[in-house]
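Take a look at the letters that make up each chain.
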Number of protein chains: 2
Amino acid sequence: MTETKGYAVHEAGTDFSPFNFERREVGPHDILIDIEYAGICHSDIHQAKDEWKDSMPTSYPLVPGHEIVGRVAKVGSDVTKFKVGDIAGIGCFVDSCRECPNCKNGQEQFCFKQAAFTYNGTEMDRVTKTYGGYSNNYVIDENYALKVKTEGDLKGVAPLLCAGITTFSPLRRFKVGPGQKVGIVGLGGLGHMGVKLAVAMGAEVTIFSTSPKKEADAKSLGAHHFVVTSDPANLAPLAGTFNFILDTVSADHDVNPYLNLLGVGGAMVVVGVPSSPNAVHNLSLIFGNKTLSGSLIGGIPETQEMLDFCAEHNITSDVEVITPDRIAEAYDRTIKSDVRYRFVIDMTAE
Amino acid sequence: MTETKGYAVHEAGTDFSPFNFERREVGPHDILIDIEYAGICHSDIHQAKDEWKDSMPTSYPLVPGHEIVGRVAKVGSDVTKFKVGDIAGIGCFVDSCRECPNCKNGQEQFCFKQAAFTYNGTEMDRVTKTYGGYSNNYVIDENYALKVKTEGDLKGVAPLLCAGITTFSPLRRFKVGPGQKVGIVGLGGLGHMGVKLAVAMGAEVTIFSTSPKKEADAKSLGAHHFVVTSDPANLAPLAGTFNFILDTVSADHDVNPYLNLLGVGGAMVVVGVPSSPNAVHNLSLIFGNKTLSGSLIGGIPETQEMLDFCAEHNITSDVEVITPDRIAEAYDRTIKSDVRYRFVIDMTAE
């Protein structure tokens, strides 16, 4: 077995403490990754607090973390894609059935048998519990690990494995590129990645935010325009002018004003999960043949494409690095949106 | 001027009576169509009753009708596409600005200056009132008339100009074809066209209806499967199996159960306008990267493509022909869904 030092909560809340456990032996197709950084995703917080108990109840002890980057420390006998010393990443899942149409199509996140989630799940044996990246290592089949080509400091790479792919996938699916006007709703962990990626894809990018204070940040992230949404008068002149809008907001809000900003054939993609359903007027979609769509992370091939794109365009997440003893504090600040724009835990710190 | 005999309501309601009026002289680019059949679209009823007074108030006297087919009786000096005796159709609009990006892109229904609607609108001069197809002729610019290649009886062609294009356009936009599973929600005027078109495109088609009585009809229209939606247990085994769903229902209903039927990357298009907004759960879209979209009729090029497709595949609407004195009765029966599947008025009847 592989000895692992992690940080876990043992009951609903944010009371993290050191937790030693064992991962499986490194098998012929596995690699052992010594984790350097693990990002804090808002879903870690929901899971730690058992706030999704109806749909995804938490199994304690819980070691969260699905934005993982580190170095390969050991490779199995049949491994071909990685060698010791390579930089590798892990995202939201670590295995899947490999046989269903979605797995074969590179959309393992929608595996018919349900993918093995990186934490608070099980391996595909449906018995062995998974523990996440708030730990010093992970053993994973090489086919579910990602290659990281980014040079230099890795701390900003970790959040790409969730926040990065969550925003990259819909931008790619709707073929965002030069000559297009793209809106990003919300400037948080997801939104700030959306801006960087859409700008790198060549689009003219507008940030929509309720907070006027974020304008300078938006511009420094590369956004071409910034619109404060609390005053509807700011939106009126933009009606019908956008090709694509990515809505990253998880708080309840009305999507119809944003649908109104789309031009004919325009699309809006939601990646946040507000607690209430959206009241969507059919006329908001019918006039202009408009589309409202959703997007869930991405499969392994697209996640690799995203990491390669980010390496090529020097894109990383803006992060604040903490030591593992400050996880609860980081959770509190994340809930208050008091982070620019993602916390990552330095898993090499004692 | 061109003398026209029509049928109008003079106040909110269905009290139609003969109404003589004048259309413009046939100009160099115009054709005069002697109307043979005009379909009764549910929107005619809303408009006659002034039920859309907030968004599209009715200007009386109102001559409805935007599902028009007839024969060319006169052509202007510069007309090139039509000759006297040709069969021609008119849909929901009769002109547009011709200069905006949407017009240039063949999506005149979304003209920046607003298209000239076939009735209850104005010509592009924004002064001359338009009267619809419940009349014995129409004068229209040849570029906004459609060529009809269907041989034989024309009565089933009229509804193609609205019900046909309304269902054809989204099926085409989402590339419905062989090997795909397609659902049609609702079996009325729109739904019965959706079935015929989707079957002709090669898809495996399922009708979803609240009415078990419609099963035999559904099968005779070419549907491969029929599902009664009043029992949720009928939908459960179909989860995740559809590529595309066309929702033609205008009554309030929950779209989430249908979104649940879509597979990964699947799309559902709404063409009806319920009075209440849809409560769409973001998770219904996020899990499976699903799309909810809307669609409004179609532009001139696509409407022509639809008519050609229908001629090639021998597709017409199933209709019940009435004389103009029975319009009020037909309205009542249309409201009660007591029609298979569209009323058309024989405008050659005295």
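Residues numbered from 1 in each chain as written. Chains lettered and ligands numbered in written order. Predicted model: local features only at pLDDT ≥ 70, side-chain atom pairs only at ≥ 80, totals over all residues. Heavy atoms only, no water.

**Side note on the overall build of chain A**
So, step 1. Check the secondary structure of chain A and you find nine helices and 18 strands.
So, step 2. For a compact globule of 350 residues, the expected C-alpha radius of gyration is about 20 Å, and chain A comes in at 20 Å, within 12% of that figure.
So, step 3. For chain A, the C-alpha atoms occupy an extent of roughly 60 × 40 × 40 Å along the three principal directions.
So, step 4. Per-residue burial for chain A yields a buried fraction of 59% across its 350 residues.
So, step 5. Of the contacts formed within chain A by residues at least 6 apart in sequence, a portion of 65% connects residues at least 24 apart.
So, step 6. Roughly 13,800 Å² of accessible area belongs to chain A as shown, and the carbon and sulfur atoms make up 51% of that amount. (Helix = DSSP H or I, 4+ residues; strand = E, 2+ residues; numbered from the N terminus. Rg over C-alpha atoms; globule rule 2.2 N^0.38 Å. Buried < 20%, exposed > 50% of the residue type's maximum accessible area, 1.4 Å probe, protein only. Contact = heavy atoms within 4.5 Å. Areas by Shrake-Rupley, 256 points an atom, 1.4 Å probe, with all protein chains shown as cover.)

**Comments concerning the packing of helix α3 (residues 163-173) of chain B against helix α8 (residues 300-312) of chain B**
Residues and elements named next belong to chain B.
So, step 1. In the contact formed by α3 and α8, the axes pass within 10 Å of each other and the chain directions differ by 100°. Here α8 runs roughly perpendicular to α3, going by the angle between their axes. On the side of α3, the interface is formed by Gly164, Ile165, Phe168, Ser169 and Arg172, while α8 contributes Glu302, Thr303, Glu305, Met306 and Phe309.
So, step 2. Here the contact of α3 with α8 is built from residues that sort into four nonpolar, three polar and three charged. (Axes fitted to C-alpha atoms, helices over the stretch in contact; angles between N-to-C directions. Parallel < 35°, antiparallel > 145°, perpendicular 65-115°, else oblique. Nonpolar A, V, L, I, M, F, W, Y, C, P; charged D, E, K, R; others polar.)

**Comments concerning α3 of chain B**
Residues and elements named next belong to chain B.
So, step 1. The buried count for α3 comes to nine of 11 residues, which makes it a mostly enclosed element.
So, step 2. If you follow the buried residues of α3, they end up packed against β10 (181-185), α4 (189-200), β13 (242-247), β14 (262-270), α8 and β18 (342-346).
So, step 3. Once α3 finishes, Lys175 follows within two positions and takes phi at roughly 55°, a positive value.

**Considering helix α9 (residues 327-335) of chain A**
Residues and elements named next belong to chain A.
So, step 1. When we look at burial in α9, the residues that qualify are Ile327, Ala330, Tyr331, Arg333 and Thr334.
So, step 2. Buried residues belonging to α9 abut β1 (2-8), α1 (42-48), β17 (319-322) and β18 (342-346).
So, step 3. Ser337 lies just past α9 and shows a positive phi near 60°.

**Topic: the relation of the copies chain A and chain B**
So, step 1. Expressed as a screw transformation, the operator carrying chain A onto chain B has a rotation angle of 180° and an axial translation of 0.0 Å, and the superposed copies differ by an RMSD of 0.0 Å. Here the symmetry operator amounts to a two-fold rotation axis.
So, step 2. An overlap of 100% is found between the interface residues of chain A and their copies at the interface of chain B, pointing to a shared contact surface. (Least-squares fit on C-alpha atoms with pLDDT ≥ 70 in both.)

**Some thoughts on the environment of Arg333 of chain A**
Residues and elements named next belong to chain A.
So, step 1. With respect to the helices and strands, Arg333 occurs in helix α9.
So, step 2. Taking C-alpha positions, Arg333 is 26 Å from Ser295, a pair spaced 38 residues apart along the chain.
So, step 3. Here the side chain of Arg333 touches Glu320 through a polar contact of 2.9 Å, side chain to side chain. (Polar contact = N/O pair within 3.5 Å; in protein donor to acceptor, adjacent residues only side chain to side chain.)

**Focus on the confidence of the model for chain A**
So, step 1. The pLDDT averaged across chain A works out to 96; a share of 100% of its residues lies at or above 70.
So, step 2. This complex was scored by the predictor with a pTM of 0.94 and an ipTM of 0.94. (pLDDT = per-residue confidence, 0-100.)

**Overview of the pairing of strand β16 (residues 291-294) of chain B**
So, step 1. Residues Thr291 and Ser293 of chain B point to one face of β16 of chain B and Leu292 and Gly294 of chain B to the other, with burial holding for every one of them.
So, step 2. Bridge count for strand β16 (residues 291-294) of chain A against β16 of chain B is three bridges, and the pairing is antiparallel. Note on β16 of chain B: the bridge partner recorded for Leu292 of chain A is Leu292 of chain B.
So, step 3. Bridging between β14 of chain B and β16 of chain B involves four bridges; their strand directions are parallel. Its bridge partner lying in β16 of chain B, Val269 of chain B is registered against Ser293 of chain B. (Pairing = 2+ DSSP bridges.)

**Concerning the packing of helix α3 (residues 163-173) of chain A against helix α4 (residues 189-200) of chain A**
All names here are of chain A.
So, step 1. Where α3 contacts α4, the axes come no closer than 8 Å and their chain directions differ by 50°. Judged on the interaxial angle alone, α4 and α3 are oblique. The way α3 lies across α4 gives a crossing that is right-handed. Contacts between α3 and α4 involve Ala163, Gly164, Thr166, Thr167, Phe168 and Leu171 on the former and, on the latter, Gly189, Leu190, Met193, Gly194, Leu197 and Ala198.
So, step 2. Its residues assigned to classes, the contact of α3 with α4 comprises seven nonpolar, five polar and no charged. (Left-handed = near helix turned anticlockwise from the far one by under 90°.)

**Concerning the packing of aromatic side chains**
Both the distance between ring centres and the angle between the ring planes are used here to describe each pair of aromatic rings.
Residue and element names in this part refer to chain A.
So, step 1. Per the counting criterion, the structure on display carries 20 aromatic pairs over all chains.
So, step 2. Note on Phe174 and Phe244: the rings are 5.6 Å apart at their centroids and 35° apart in plane angle, and the pair reads as tilted. In this pair, Phe174 sits in the loop between α3 and β10 (181-185) while Phe244 sits in strand β13 (residues 242-247), placing the two residues 70 residues apart along the sequence.
So, step 3. Ring pairs connect the aromatic residues Phe16, Tyr134 and Tyr331, which therefore count as one cluster.
So, step 4. Positioned over the ring face of Phe82 is Lys147, at 4.8 Å from the centre of the ring. (Phe/Tyr/Trp six-rings, centres within 6.5 Å; stacked < 30°, edge-to-face > 60°. Lys NZ or Arg CZ within 6 Å of the ring centre and 35° of its normal.)

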